[in-house]
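# Structure assessment
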Amino acid sequence: MSVTVTVLGSAQAVGEALALQVVTALRAKPDVVLGLASGRTPVDGYAELRRLHAEGKADFSRASTFNLDEFVGVDAHHSGSFRQFMERYLFEGVNLDPARIHFLNGAAADPDAECERYEQAIRRAGGIDVQILGIGSNGHIGFNEPGEDLKVRAHRVTLAESTRRDNAALFGGDPARVPNEALSMGIGTILLARRIVLVATGAKKADCIRAALNGHLTTRVPASLLQVHRDVEFLLDSAAASLIDRP
Ligand code: F6R
């Protein structure tokens, strides 16, 4: 088991470190399978990746991607979808083959079958090499919300109120317009990734980062389960790292 914690001076530096991790993975394995997160935190890293690609320093032509989650009832063209978010912040600026970009379809008629299809697609791709994660202020990873239990594989989930508030910007600023449910990779899907890089910035994440790194393993803090993974790195700015126990 090995959790590495890297504390950097700014959110921008966290973004640059994240991009470097991806570029290193692409160089080591051009057909790398990346697990991607949406949300605000990785956006600086995605901007850096677009910049590196424009300079000829990041070639995604053989890479595959699997995003963590999508809102239920929202199709790939909906302006609030994570798919559109990823188009805007990453996909439009790099040379990924659209056939190798994978997403859960939030508008699928049969969400359970859609989740099973996604799990099979990940398996067929050979599993995820590097999974990028953000973390919710309530400790969620993907949309695995805190609760009595957690699901192993991709599944349909009811979003926490705090998650709907945090994602209101995608739906005109109104939390009531954020779907109640999402499809998300499960905790087992995430833990099967060969390497995991979690990014967190800002004081709002300090409590959940402390609970994830220094607390007990508990379904009340889904990110705490990352402690059992053998290759996980937390890239934090000093505000997000401010409450963790130093060795
Ligand atoms: C997004 C996802 C979520 C976010 C988390 C943090 O695909 O799976 O777990 O990573 O909610 O979001 P931000 O970065 O906006 O604070």
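The text that follows walks through the structure, step by step, so that each part is easy to find. Just so it is clear, the structure is predicted and the values come from calculations on it, not from any experiment.

### Looking at the sheet that holds strand β9 (residues 195–200)
- In spatial order, the strands read β1-β10-β9-β6-β2-β3-β5; together these 7 strands make up an open sheet with parallel pairing. In the strand order of this sheet, the two ends are held by β1 (3–8) and β5 (101–102), each with one partner.
- Two strands pair when backbone bridges link them, and β9 and strand β10 (residues 232–237) are joined in this way by 5 bridges, in the parallel orientation. When the sheet's bridge partners are listed, A200 is paired in β10 with L236.

### With respect to the pattern of salt bridges
- Applying the stated criterion to the full structure yields 16 salt bridges.
- For the salt bridge of E87 with R83, the shortest nitrogen-to-oxygen distance reads 2.8 Å. Separated by 4 residues within a single helix, E87 and R83 lie in helix α3 (residues 82–89), roughly one turn from each other.
- Since its relative accessible area comes to 18%, E87 is described here as buried.
- The closest approach of N and O atoms between D231 and R195, which form a salt bridge, is 2.6 Å. Taken together, the residues span a long stretch of sequence, with D231 in the loop between α7 (206–214) and β10 and R195 in strand β9 at a distance of 36 residues.
- Within this structure, E48, R51, E55 and K57 form a network of salt bridges that share partners.

### So, the site of the ligand
- By nearness alone, 14 residues border the ligand, and T41, D69, H140, G142 and K205 come closest of all.
- With respect to the ligand, the side chain of D69 contributes an N or O atom lying 2.5 Å from an oxygen atom.
- Contacts to the ligand include H140, whose side-chain N or O atom sits 2.6 Å from an oxygen atom.
- In the complex, the protein chains occlude 92% of the 410 Å² of accessible area that the ligand would expose alone.
- The residue inventory of the shell around the ligand, partitioned by class, reads 4 nonpolar, 7 polar and 3 charged.

### Describing the environment of L68
- As for its placement among the helices and strands, L68 is situated in the loop between β3 (64–67) and β4 (69–71).
- Separated by 97 residues in the primary sequence, L68 and R165 have C-alpha atoms spaced 19 Å apart.
- Not counting chain neighbours up to four residues away, the residues in contact with L68 comprise L36, A37, L104, Q131, I132, L133, G142, L183, S184, M185 and I190.

### Things to note about the sheet that holds β4
- The 3 strands lie next to each other as β4-β8-β7, forming an open sheet whose pairing is antiparallel. At either margin of the open sheet sits one strand with a lone partner, and together these are β4 and β7 (155–158). Along the sheet, successive strands turn relative to each other by an average axial angle of 30°, direction set aside.
- Of the strand pairs in this sheet, β4 and strand β8 (residues 181–184) are connected by 3 bridges, and their pairing is antiparallel. Following the sheet pairing, F71 is matched in β8 by A182.

### Quick notes on helix α1 (residues 11–28)
- Given a rise of 1.5 Å per residue, 18 residues ought to cover 26 Å, and the 26 Å separating the end C-alpha atoms of α1 matches this to within 8%.
- Each element contacted by the buried residues of α1 is listed here: β1, β2 (33–36), α2 (43–54), β6 (130–133), β9 and β10.

### Here's the deal with the packing of α1 against α2
- Where α1 contacts α2, the axes come no closer than 7 Å and their chain directions differ by 55°. Regarding the angle of α1 to α2, the classification is oblique. Between α1 and α2 lies a crossing whose hand is right-handed. Between α1 and α2, the residues in contact are A11, Q12, G15, E16, L18, A19, V22 and V23 and D44, G45, E48, L49 and L52, respectively.
- Residue composition of the contact of α1 with α2, by class: 7 nonpolar, 3 polar and 3 charged.

Calculation criteria
Residues numbered from 1 in each chain as written. Predicted model: local features only at pLDDT ≥ 70, side-chain atom pairs only at ≥ 80, totals over all residues. Heavy atoms only, no water. Pairing = 2+ DSSP bridges. Helix = DSSP H or I, 4+ residues; strand = E, 2+ residues; numbered from the N terminus. Salt bridge = Lys/Arg side-chain N within 4 Å of Asp/Glu carboxyl O. Buried < 20%, exposed > 50% of the residue type's maximum accessible area, 1.4 Å probe, protein only. Near = heavy atom within 4 Å. Polar contact = N/O pair within 3.5 Å; in protein donor to acceptor, adjacent residues only side chain to side chain. Areas by Shrake-Rupley, 256 points an atom, 1.4 Å probe, with all protein chains shown as cover. Nonpolar A, V, L, I, M, F, W, Y, C, P; charged D, E, K, R; others polar. Contact = heavy atoms within 4.5 Å. Axes fitted to C-alpha atoms, helices over the stretch in contact; angles between N-to-C directions. Expected span 1.5 Å × (residues − 1). Parallel < 35°, antiparallel > 145°, perpendicular 65-115°, else oblique. Left-handed = near helix turned anticlockwise from the far one by under 90°.

Just distances and angles here, no functional claims.
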